[in-house]
Amino acid sequence: MRIGCLIGCADIVSRNGSSFEAVVRKAGLSPESLSTPDRMIPLSLYTRVLDVAAAECPTGNFGICFGDVFDIRNLGAIGYQMLHAGSWGEALETFCSNFSVVQDHSHMQLKRSGGLACLSYELSALHSDLRAQDAEFSIALLCRALTRLSPAFVPSRIDFQHVFRASARGTCLEEVEIRSRQPMTALYFDAAWLERPAPQADRYMHRLILEDLERELLTRSNRTGLIGALHDAMQSRSDGRGLATCSAGEIAAELGLSERTMHRRLEAYDTSFRDLRAAVCMEIACEYLLGSSMSVSQIGYRLGYSESSAFSRAFKAETGLSPSNFRLRGRLIS
């Protein structure tokens, strides 16, 4: 996930009387790591920041409020091209087809059915209870981006897979029908909007931005290949084969790399073996806690912790909650 996706988050948190630095630290990140918008962080860390921030928001609508003020240009070339494409349809199709430059394990698709356009969003890597803030932020972000293209834009309706309990009052979603527990998270609107030109339509500028986007995708593809291979190699150890304690040398050997080469390549992508291992551990732990009946001790064992207390300490250090409290919170949400 691109760090730029968190630009503006601090303003929403401080507006609610909380410290963004405290939120970031509680989510397992250092505030200094947010200084580079193009830097990538694990998707699980990003969603934890949203989740911790939402817990500090008394109105319960953090995701909606954050998306409502987010400037899509903070996403880089993929956001800037929205302003200069020949039409809304071209802008959205380019956005969907290149969305992997923003984050992993996600899918965005634009479909037309009769007179209705459907812009759907799916986050596949996490348990559904951990996707709520991200889904609300993403849909509000898209809606706000389209209202900036034309203030007259109003969606037909919005569907969420999770139970939507927040308030959309005072945001771009205020007048929109919102439905919960739907098959997919999606923004629906009149398909005629797709034929409208972008407000700053400029073919030359758009082509230059697309060339920049292609370079981003190439770099992202190289990074994703390595990170994905490491993720899969680590994930295969979540069956009692010592994920939490596996060494960099062991994983590098599995991938046919020297340990030194692996560390150098990870450093070039602003991450480390330790950070990736911790992120994969927490991602799988969350899945087990919310999607299985295994005890905390059983989950800790499967992840490679020798004692339940060691797993509980590590989990609380990463999430700010004990495994039991995290599981209880998930059940209350669902």
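Residues numbered from 1 in each chain as written. Predicted model: local features only at pLDDT ≥ 70, side-chain atom pairs only at ≥ 80, totals over all residues. Heavy atoms only, no water.

Caption draft 1: View of the overall build of the chain. The number of helices and strands found in the chain is 14 helices and five strands. Over its C-alpha atoms the chain spans a radius of gyration of 20 Å, differing by no more than 12% from the 20 Å that the globule rule assigns to 334 residues. With respect to the three principal axes, the spread of C-alpha positions in the chain is 60 × 45 × 40 Å. For the chain, buried positions account for 51% of its 334 residues. Considering only intrachain contacts with a sequence separation of at least 6, the fraction spanning at least 24 residues in the chain is 68%. Positive and negative charge centroids in the chain, built from 36 and 38 side chains respectively, lie 3 Å apart. (Helix = DSSP H or I, 4+ residues; strand = E, 2+ residues; numbered from the N terminus. Rg over C-alpha atoms; globule rule 2.2 N^0.38 Å. Buried < 20%, exposed > 50% of the residue type's maximum accessible area, 1.4 Å probe, protein only. Contact = heavy atoms within 4.5 Å. Lys, Arg positive; Asp, Glu negative; His and termini not counted. Charge placed at Lys NZ, Arg CZ, Asp CG, Glu CD.)

Caption draft 2: Seen up close, empty space enclosed by the protein. Scanning the model with the defined rule gives one cavity of 30 Å³ or more in all. Roughly 90 Å³ of volume is contained in the largest cavity. Around the largest cavity, the lining is made up of 14 residues, and of these Phe99, Gln103, Phe137, Ser138 and Leu141 lie nearest the centre. Counted by class, the lining of the largest cavity contains 12 nonpolar, two polar and no charged residues. (1 Å grid on protein atoms, 1.4 Å probe; cavity = no way out; pocket = protein on both sides within 12 Å on 5 of 7 lines; lining within 4 Å. Points joined across faces, edges and corners; volume = space filled by probe spheres on them. Nonpolar A, V, L, I, M, F, W, Y, C, P; charged D, E, K, R; others polar.)

Caption draft 3: Expanded view of the sheet that holds strand β5 (residues 185–190). Read from one edge of the open sheet, five strands run β1-β2-β5-β3-β4, paired in mixed fashion. Each of the sheet's edge strands pairs with one partner strand only, and the pair in question is β1 (106–113) and β4 (177–179). When strand polarity is set aside, the average angle formed by the axes of neighbouring strands in this sheet is 15°. Pairing between strand β2 (residues 116–123) and β5: six bridges, direction antiparallel. When the bridges of β5 are listed, Leu116 appears paired with Asp190. Where helix α7 (residues 132–149) meets the sheet, it contacts β1, β2, β3 (157–159) and β5, and its direction lies at approximately 20° from that of β5. (Pairing = 2+ DSSP bridges. Axes fitted to C-alpha atoms, helices over the stretch in contact; angles between N-to-C directions.)

Caption draft 4: Local environment of the pattern of salt bridges. This structure, assessed with the given rule, holds nine salt bridges. A salt bridge links Arg73 to Asp71, with the nearest nitrogen and oxygen atoms 2.7 Å apart. Taking the relative accessible area as the measure of exposure, Asp71 reaches 22% and is therefore partly exposed. Note that Asp212 and Arg215 form a salt bridge whose closest N and O atoms lie 3.7 Å from each other. Highlighted residues: Asp212 and Arg215, both in helix α8 (residues 203–235), separated by three residues, approximately one helical turn. The exposed category is assigned to Arg215, whose relative accessible area is 52%. (Salt bridge = Lys/Arg side-chain N within 4 Å of Asp/Glu carboxyl O.)

Caption draft 5: The arrangement of the nonpolar core in detail. Ranked by size, the top nonpolar core spans 73 residues in total, and within it Tyr46, Phe62, Phe95, Leu119, Leu146 and Phe189 carry the most contacts. Among the elements that make up this core, the one with the highest residue count is α7 (10 residues). Here Phe95 is in contact with Ile72, Leu75, Ile78, Gln81, Met82, Met108 and Leu142, once residues within four sequence places are set aside. Judged by nonpolar contacts, the second largest core, of 33 residues, contains Leu230, Ala244, Leu266 and Ile284. (Core = buried A, V, L, I, M, F, W, Y, C linked by side-chain atoms within 4.5 Å.)

Caption draft 6: Here's a closer look at unusual backbone geometry. Unusually for a residue other than glycine, Arg181 sits at a positive phi of about 55°. You can see Arg181 is positioned in the loop between β4 and β5. Its relative accessible area of 58% is what places Arg181 among the exposed residues.

Caption draft 7: Summary view of the environment of Tyr269. Its place among the elements puts Tyr269 in the loop between α10 (259–268) and α11 (273–291). Tyr269 gets classed as buried once you look at its relative accessible area, which sits at 17%. Measuring from C-alpha to C-alpha, the distance between Tyr269 and Ile3 comes to 13 Å, with 266 residues separating the pair along the chain. Every residue in contact with Tyr269, bar those within four places of it in the chain, is listed here: Thr219, Asn222, Arg223 and Leu226.

Caption draft 8: Expanded view of the pairing of β2. Counted residue by residue, β2 has six buried out of eight residues, so it is predominantly covered. Both β1 and β2 contribute to a ladder of eight bridges, which runs antiparallel. When the bridges of β2 are listed, His107 appears paired with Glu122.

Caption draft 9: Region of the structure containing a nonpolar patch on the surface. A grouping of Tyr204, Met205 and Leu208 is seen on the molecular surface, where their side chains present a nonpolar patch of about 280 Å² in accessible area. We classify Tyr204 as exposed; its relative accessible area is 52%. (Patch = residues over 30% accessible without salt bridge, like charges linked within 9 Å, V, L, I, M, F, W, Y side chains within 5 Å. Areas by Shrake-Rupley, 256 points an atom, 1.4 Å probe, with all protein chains shown as cover.)

Caption draft 10: Spotlight on the packing of aromatic side chains. For the structure on display, the rule yields 14 aromatic pairs. Ring geometry for Phe99 versus Tyr121: centroids 6.1 Å apart, planes at 90°, classification edge-to-face. Residue Phe99 is found in the loop between α6 (88–97) and β1, and its partner Tyr121 is found in strand β2; the two are separated by 22 residues along the sequence. On the accessibility criterion, Tyr121 (4% relative accessible area) is buried. In this structure an aromatic cluster arises from ring pairing among Phe62, Phe66, Phe70 and Phe137. Just above the ring of Tyr188 sits the side chain of Arg157; from NZ or CZ to the centre is 3.9 Å. (Phe/Tyr/Trp six-rings, centres within 6.5 Å; stacked < 30°, edge-to-face > 60°. Lys NZ or Arg CZ within 6 Å of the ring centre and 35° of its normal.)

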